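Survey of secondary and tertiary structure
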Amino acid sequence: MARITLPDGSVLEVADGATLRQVAERIGPGLAKAALVGRIDGKLVDLSCSVQDGAQVQIITAKDAEGLDAMRHSCAHVMAEAICRIWPQTRLVYGPTVEDGFYYDIDLDEPIRPDDFARIEAEMAEIAKADQPFVRQEMGRNEALAKLAGDKYKTDNIQRVDSEVISFYSHGDGFQDLCRGPHVPSTGKVGAFKVMSVAGAYWHGDATQKMLQRVYGTAWPTKKELDEHLNRLEEAKRRDHRVLGRQLDLFSFSEMGPGFAFMHPKGMVIWNEIVGFLGGLNRKYRYKEIKTPIILNEELWRRSGHWDHYKENMYFSEIDGVGYAIKPMNCPGGCLVYGTTKHSYREFPMRIAEFGMVHRHEASGVMHGLFRVRQFTQDDAHIFCMPDQIEAEIIGVINLIFETYRSFGFSDFAIELSTKPINHIGSDEIWDTATDALKAALAHKEIQYKINEGDGAFYGPKIDFHIRDCLKRSWQVGTIQLDFSMPQRFELVYTAEDNTEKVPVMIHRAVLGSFERFMGILIEHYGGAMPVWLSPEQARVLPISEKTSDYGRAVQRRLFEAGVRCGADLSDEKIGAKIAKTHGEKVPYMLVVGPKEAESDTVSVRVRGSQDSRTMPVGQFLETATRKIADKDLGVEF
RNA sequence: GCUGCUGUAGCUCAGUCGGUAGAGCGCGUCCUUGGUAAGGACGAGGUCCUGGGUUCAAAUCCCAGCAGCAGCUCCA
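What comes next concerns the included structure. (Residues numbered from 1 in each chain as written. Chains lettered and ligands numbered in written order. Predicted model: local features only at pLDDT ≥ 70, side-chain atom pairs only at ≥ 80, totals over all residues. Heavy atoms only, no water.)

Quick notes on the overall build of chain A
When helices and strands are counted, chain A shows 20 helices and 33 strands. Taken along its principal axes, the extent of the C-alpha atoms in chain A is 85 × 80 × 55 Å. Each of the 638 residues in chain A was classed as buried or not, and the buried ones make up 50%. Summarising the internal contacts of chain A: among those between residues at least 6 apart in sequence, 68% fall at separations of at least 24. For chain A, the accessible surface area stands at approximately 30,600 Å², while carbon and sulfur atoms represent 50% of it. Looking at charge distribution, chain A has the averaged site of its 78 positive side-chain charges lying 4 Å from that of its 91 negative ones. (Helix = DSSP H or I, 4+ residues; strand = E, 2+ residues; numbered from the N terminus. Buried < 20%, exposed > 50% of the residue type's maximum accessible area, 1.4 Å probe, protein only. Contact = heavy atoms within 4.5 Å. Areas by Shrake-Rupley, 256 points an atom, 1.4 Å probe, with all protein chains shown as cover. Lys, Arg positive; Asp, Glu negative; His and termini not counted. Charge placed at Lys NZ, Arg CZ, Asp CG, Glu CD.)

So this is what it looks like as structure tokens:
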């Protein structure tokens, strides 16, 4: 008899050498059916594994993250066999799970196309239907190496494993793969799956290595969950800012300038609202603003270090036979401004902001709508201060950053602190002072954060800010970076209290990162239906017929002159068509006016996303709308 | 940059076997004057991404380039 302990602390007596499957059956038939893998003394194992007396045992189902992971990993094996059946010359490389699914890297010269997915899925379904058990086979390292002789990929995989015991898994007769496991009991338990996509991927992520084919799949415990996942993907597609940007006429791209966004009138409204908001915060948090040139002498970029560290990403030009560079960052220009006069410690902290347009030559394959462009405008700022002012400055920046994110409707943040890398400049003392100041500031704000050891820039430690959108996707936006390098390179000094010249600490900070990118995030977060204060068109008057066009025009003028961005649809469409069109353009307020409204100086207000309407005096609508706009109210409801 | 896929009207897309180009939406004109998610008629609109090649004949097949999409790598 073996006495084992279950997660709830209860003790179960089972026969010596009983398998986890038998344990699950003892606990209940429902669990036995749902069981996928198990855990013995903290280690994930197959259900066929035996328990020993005194073991801590847990039965894992698809409800547990580990169970779902095992299911997807097993599904990857099933997909691998399906692919090998169709293309016998396939060489398997590596097939892990990823968020929401899995992939398998394969070496196969014939390209797999989306048309092939249905064939692969059909083979997979057959393998799943056969419900063959997954069987583990263990052997010593040398034996395994001998078994895989000639397979450079699998041999390489073994060499990356520490363990002396190497395991293989097979299911059925035709398929065996080197694998650590554990796996679900049989191929019938791999859930509801779908082959999603195929793309190239370098072996070991190394661009000098062979390009493999990476086939992506997804698997879920039930068909329903698979469908929900596919629906989420559809939802993300519907919110794609590249599509909405065209539909809502916000911005465009042209072959005449790949990676350079063209902002249209409606996009400029959103842009200017963002800029105006941040300008207000710059005043509130006592920043002064500057603007520095886009094109500056090459000499500057040699001195700043960009020539050595960033040249491949820069654009260059020549003026009167002299080399110039288009700025990829704003800091060197800011340093030149600092250097135009003598500075005293009495001026510190000196907060200098710049909405600076930068150009970076991104690789052609990485560009993506507004998220990754070659020209963008940063909400940049540089704070010059003394070391003992760092903490207070960081706290101020954090306050500014949080206030900004909340105003745009983001309340879920994640913060990461990156510390001293191996290659760095500056003394250990200054690094310690700076890192401690960052930590103290985060502690003061009682902020939870993750530490990325050794991930800081060579010139100083940094804090990065991430926001989550409504689909729970994370975006890196803000950053605070301490810089011990730039002030030295530019020989920036200030006169200290003791009348000596000292080098100031420079803090780089960005709140939104890039306006372009943030605009893209906003569009996806709101699905194009922006809060009123950000909406390009905040209200639209919809006359029932041309008979009330004059009244409609009068209402529009009144609202427009009161500062509401109000349009009017004076076309000869019927009211239903006007409403449908206005909905499509995601205008927050529709003001339907007919003879009744014209007589009583009222409007029938229909709110975006609602089926109802409410009639009220024009003045009342105006009052509520202007208040919502002024308060930057995120809700449109009246 | 690398691999794969795609490129046809302003947008979304169809176009069979290689034989002079189509739809819906949008746009314009007219009819319609209506009460809360798309009324009707007519019309305009094309370098079929660009450049070569094969062919009697290329949107269609082949090659190269450009751009976009997905992924990889990158994003001090």
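Brief notes about the packing of helix H17 (residues 549-561) against helix H20 (residues 618-630)
The N-to-C vectors of H17 and H20 enclose an angle of 35 degrees; their axes lie 11 Å apart at closest approach. For the pair H17 and H20, the crossing hand works out as right-handed. Contacts between H17 and H20 pair Tyr551, Val555, Arg558 and Leu559 from the former with Val618, Gly619, Phe621 and Leu622 from the latter. Across the contact of H17 with H20, the residue classes break down as six nonpolar, one polar and one charged. (Axes fitted to C-alpha atoms, helices over the stretch in contact; angles between N-to-C directions. Left-handed = near helix turned anticlockwise from the far one by under 90°. Nonpolar A, V, L, I, M, F, W, Y, C, P; charged D, E, K, R; others polar.)

Considering the side chain of Gln389
Following the sequence through the fold, Gln389 ends up in the loop between strand E21 (375-385) and helix H13 (390-407). Those residues in contact with Gln389, other than ones at most four positions away along the chain, are Phe348 and Pro349.

What to know about helix H1 (residues 20-27)
Looking only at H1, the buried set comprises Leu20, Val23 and Ala24. Projected down its long axis, H1 shows its buried positions confined to an angular sector of 100 degrees, all on one face. Lining the buried residues of H1 we find strand E1 (2-5), strand E2 (11-14), helix H2 (29-34), strand E3 (37-40), strand E4 (43-45) and strand E5 (57-60). (Arc of directions from axis to C-beta.)

Re the packing of aromatic side chains
Aromatic ring pairs are defined here through the distance separating the ring centres and the angle between the ring planes. A complete count under the given rule lists 22 aromatic pairs for this structure. Ring geometry for Phe348 against Tyr494: centres 4.8 Å apart, planes inclined by 55 degrees, an arrangement best described as tilted. Placement of the pair is Phe348 in the loop between helix H12 (331-338) and strand E20 (350-359) and Tyr494 in strand E26 (residues 494-495), with a sequence separation of 146 residues. In this structure, Phe348 and Tyr494 share a single accessibility class: buried. Relative to Phe518, the ring of Phe408 lies with its centre 4.9 Å away and its plane at 75 degrees, an arrangement referred to as edge-to-face. With Phe408 in the loop between H13 and strand E22 (413-418) and Phe518 in helix H16 (residues 515-526), this residue pair connects regions lying 110 residues apart in the sequence. An aromatic cluster of at least three residues, connected via ring pairs, comprises Phe277, Phe408, Phe410, Phe518 and Trp533. A cation over an aromatic ring shows up here: Lys147 above the ring of Phe168, its NZ or CZ 5.2 Å from the ring centre. (Phe/Tyr/Trp six-rings, centres within 6.5 Å; stacked < 30°, edge-to-face > 60°. Lys NZ or Arg CZ within 6 Å of the ring centre and 35° of its normal.)

Notes on the sheet that holds strand E16 (residues 288-289)
Strand order in this open sheet of eight strands is E16-E20-E21-E28-E25-E24-E22-E23, and the pairing throughout is mixed. The strands lining the two open edges of the sheet, one partner per strand, are E16 and strand E23 (450-452). Relative to the sheet, H13 contacts E20, E21, E22, strand E24 (462-468), strand E25 (474-483) and strand E28 (505-514), its axis offset from that of E28 by approximately 5 degrees. (Pairing = 2+ DSSP bridges.)

What to know about the packing of helix H3 (residues 65-86) against helix H4 (residues 117-130)
Packing of H3 against H4 brings their axes to within 8 Å, and their N-to-C directions diverge by 115 degrees. Handedness of the H3/H4 crossing: right-handed. Between H3 and H4, the contacting residues are Cys75, Val78, Met79, Glu81, Ala82, Ile83, Arg85 and Ile86 on the first element and Arg119, Ile120, Glu123, Met124, Glu126 and Ile127 on the second.

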